[in-house]
Protein chains: 2
Amino acid sequence: MKNSLYIVIVGCGRLGSYLANQLSRVGHSVVVIDANEETFDDLSPGFSGFRVVGDATQIAVLKEAKLKQADVLFATTHEDNVNLMVAQIARKLFNVAHVLARVFDPRREQVYDQLGIETICPTSVAAEIFMLAVAGGRAAQGDAKP
Amino acid sequence: MKNSLYIVIVGCGRLGSYLANQLSRVGHSVVVIDANEETFDDLSPGFSGFRVVGDATQIAVLKEAKLKQADVLFATTHEDNVNLMVAQIARKLFNVAHVLARVFDPRREQVYDQLGIETICPTSVAAEIFMLAVAGGRAAQGDAKP
């Protein structure tokens, strides 16, 4: 089993920077791509990976990030279209084994699925947790109120 | 065990409307509150609950939603401050047993905690899933690349 992975993260917002910091901390090789250099300020002082400034839908930018070597690509920008496009490019042109994209609009999840791209929709995940809370609350506090 | 709960949902956006539709469908009594009446368009034709138009930080609006009878309150608006305030009012003034609030900025989670309000941060949850994907990917595809 390989312990250290080469991970490319597109988008250095709250999610991207958190993942970059955590994954770098536990010893993975991390490259973060963002069009806005200021977002790199959210990387922790201990971040030992690389930063690439640029539009990740551009092949040249992905090449600069050495995407061909990547085990994993995370598409975490705030734009579903960008995440979809980057994820597709990573799968089809760079043969990245594990591609995961954030998608805000769950209606797009089917499209991703059909393209073989794994997605995470934060709203759907939150909804599931809320639903579980109801199920749990019913069991735990079922007859607290008449 | 009580099977049907009285659930008040504040905010009828993507998350709120989804929860309202699902919870109504499985037989719970649901009231949705939103300041913008148009958001109720996202409720499904089968939604059998009530709609209250108004600012949920106003006691009168919460009274109209009969919050005192509620087993559960979900604060799902897009504004952390609104969710925090509504959740506090529900806990302290209406004694709602189970209060759950969405919070976008994880730095606020501690504040909520101290106030006894359970929170869900979609970004944090998504981050955990991404992290698990790395852990899973490492195990499953560990030596796929040199």
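Residues numbered from 1 in each chain as written. Chains lettered and ligands numbered in written order. Predicted model: local features only at pLDDT ≥ 70, side-chain atom pairs only at ≥ 80, totals over all residues. Heavy atoms only, no water.

S.K.: Just to check I follow, could you spell out the overall build of chain A for this structure?
M.R.: A tally of helices and strands in chain A yields five helices and six strands. For chain A, the succession of helices and strands along the chain, N to C, is β-α-β-β-α-β-α-β-α-β-α. Seen through its C-alpha atoms, chain A measures out along the principal axes to roughly 65 × 35 × 35 Å. Split into buried and exposed, the 146 residues of chain A put 52% on the buried side. (Helix = DSSP H or I, 4+ residues; strand = E, 2+ residues; numbered from the N terminus. Buried < 20%, exposed > 50% of the residue type's maximum accessible area, 1.4 Å probe, protein only.)

S.K.: Which parts of the structure should I look at to understand the interface of chain A and chain B?
M.R.: Many structure descriptions define interface size as the accessible area lost when the parts assemble. In this complex, chain A contributes 45 residues to the contact, which on the side of chain B involves 45 residues. Together chain A and chain B conceal approximately 4000 Å² of surface at their shared face, both sides included; 72% is due to carbon and sulfur atoms. Where chain A meets chain B, there are zero salt bridges. Seen at the junction of chain A and chain B, the total is two residue pairs in polar contact (both at pLDDT 80 or more). (Contact = heavy atoms within 4.5 Å. Buried area = accessible area lost by both parts, 1.4 Å probe. Salt bridge = Lys/Arg side-chain N within 4 Å of Asp/Glu carboxyl O. Polar contact = N/O pair within 3.5 Å; in protein donor to acceptor, adjacent residues only side chain to side chain.)

S.K.: Can you help me understand helix H1 (residues 14–25) of chain B in this one?
M.R.: Residues that lie three or four places apart on an α-helix share one face, since the helix turns once every 3.6 residues. Residue and element names in this part refer to chain B. The end-to-end C-alpha separation of H1 is 17 Å, in line with the 16 Å expected for twelve residues at 1.5 Å each. Listed in full, the buried residues belonging to H1 are Leu-15, Gly-16, Ser-17, Leu-19, Ala-20, Asn-21, Leu-23 and Ser-24. After H1 finishes, the residue Gly-27 shows a positive phi value of roughly 105°. (Expected span 1.5 Å × (residues − 1).)

S.K.: When you look at unusual backbone geometry in this model, what are you seeing that I'm missing?
M.R.: Excluding glycine, most residues fall at negative phi; most peptide bonds, likewise, are trans. Residues and elements named next belong to chain B. Although it is not a glycine, Lys-66 adopts a positive phi angle of roughly 55°. With phi around 50°, Asn-95 is a residue other than glycine that occupies positive phi space. Structurally, Asn-95 is set in the loop between helix H3 (80–92) and strand S5 (98–102).

S.K.: What should I look at first to understand the environment of Phe40(B) in this one?
M.R.: All names here are of chain B. Here Phe-40 lies in the loop between strand S2 (29–34) and strand S3 (50–53). Phe-40 sits 14 residues away from Gly-54 along the chain, and the two C-alpha atoms are 12 Å apart. Once residues within four sequence positions are removed from consideration, Phe-40 is found in contact with Cys-12, Val-32, Ile-33, Asp-34, Arg-51, Val-52 and Val-53.

S.K.: Just checking my understanding: could you explain the packing of aromatic side chains for this structure?
M.R.: Two descriptors summarise a pair of aromatic rings, namely the distance from one centre to the other and the angle between the planes of the rings. With the rule as written, the count across this model stands at two aromatic pairs over all chains. Look at Phe74(A) and Phe130(B): their rings are 4.6 Å apart centre to centre, the planes differ by 80°, and that puts the pair in the edge-to-face class. Pair noted here: Phe74(A) is in strand S4 (residues 72–75) and Phe130(B) is in helix H5 (residues 122–141), and the two residues belong to different chains. Assessed through its relative accessible area of 0%, Phe74(A) is described here as buried. By relative accessible area, Phe130(B) is classed as buried at 0%. (Phe/Tyr/Trp six-rings, centres within 6.5 Å; stacked < 30°, edge-to-face > 60°.)

S.K.: Would you explain the sheet that holds S5(B) in this entry?
M.R.: Backbone-to-backbone hydrogen bonds pair the strands of a sheet. The strands run either parallel or antiparallel. All names here are of chain B. Across the sheet, which stays open at both edges, the six strands sit in the order S3-S2-S1-S4-S5-S6 with parallel pairing between neighbours. Sheet topology places S3 and strand S6 (118–120) at the edges, where each strand pairs with a single neighbour. The sheet shows a mean angle of 20° between the axes of neighbouring strands, direction not considered. Sheet topology note: the strand S1 (residues 6–10)/S2 ladder contains five bridges and is parallel. Bridged to Tyr-6 within S2 is Ser-29. Where H1 meets the sheet, its contacts fall on S1, S2, strand S4 (72–75) and S5, and the angle it forms with S1 comes to roughly 165°. (Pairing = 2+ DSSP bridges. Axes fitted to C-alpha atoms, helices over the stretch in contact; angles between N-to-C directions.)

S.K.: What is the right way to read the relation of the copies chain A and chain B from this model?
M.R.: Each copy of the chain is related to the other by a rotation around an axis and a translation along that axis. Rotating chain A by 180° about the axis while translating it 0.0 Å along that axis superimposes it on chain B, leaving an RMSD of 0.0 Å. Taken together, the turn and the small shift mark the pair as related by a two-fold rotation axis. Scanning chain A for the C-alpha nearest the rotation axis identifies Pro122(A), at a separation of 2.5 Å. (Least-squares fit on C-alpha atoms with pLDDT ≥ 70 in both.)

S.K.: Sorry, what's going on with the sheet that holds strand S2 (residues 29–34) of chain A here?
M.R.: Residues and elements named next belong to chain A. Strands sit in the order S3-S2-S1-S4-S5-S6 across an open sheet of six strands; the sheet is parallel. Sheet topology places strand S3 (50–53) and strand S6 (118–120) at the edges, where each strand pairs with a single neighbour. Each neighbouring strand pair of the sheet contributes to a mean axis angle of 20°, computed without reference to strand direction. Helix-sheet contacts for helix H1 (residues 14–25) involve strand S1 (6–10), S2, S4 and strand S5 (98–102), and the interaxial angle to S1 is about 165°.

S.K.: Explain the state of the cysteines here, please?
M.R.: Here, the word disulfide means a covalent bond between the sulfur atoms of two cysteines. For the structure shown, the criterion picks out zero disulfides over all chains. The closest cysteine sulfur to the non-disulfide-bonded Cys12(A) is located on Cys121(B), 16 Å from its own sulfur. For Cys12(A), a relative accessible area of 1% translates into the label buried. (Disulfide = S-S within 2.5 Å.)

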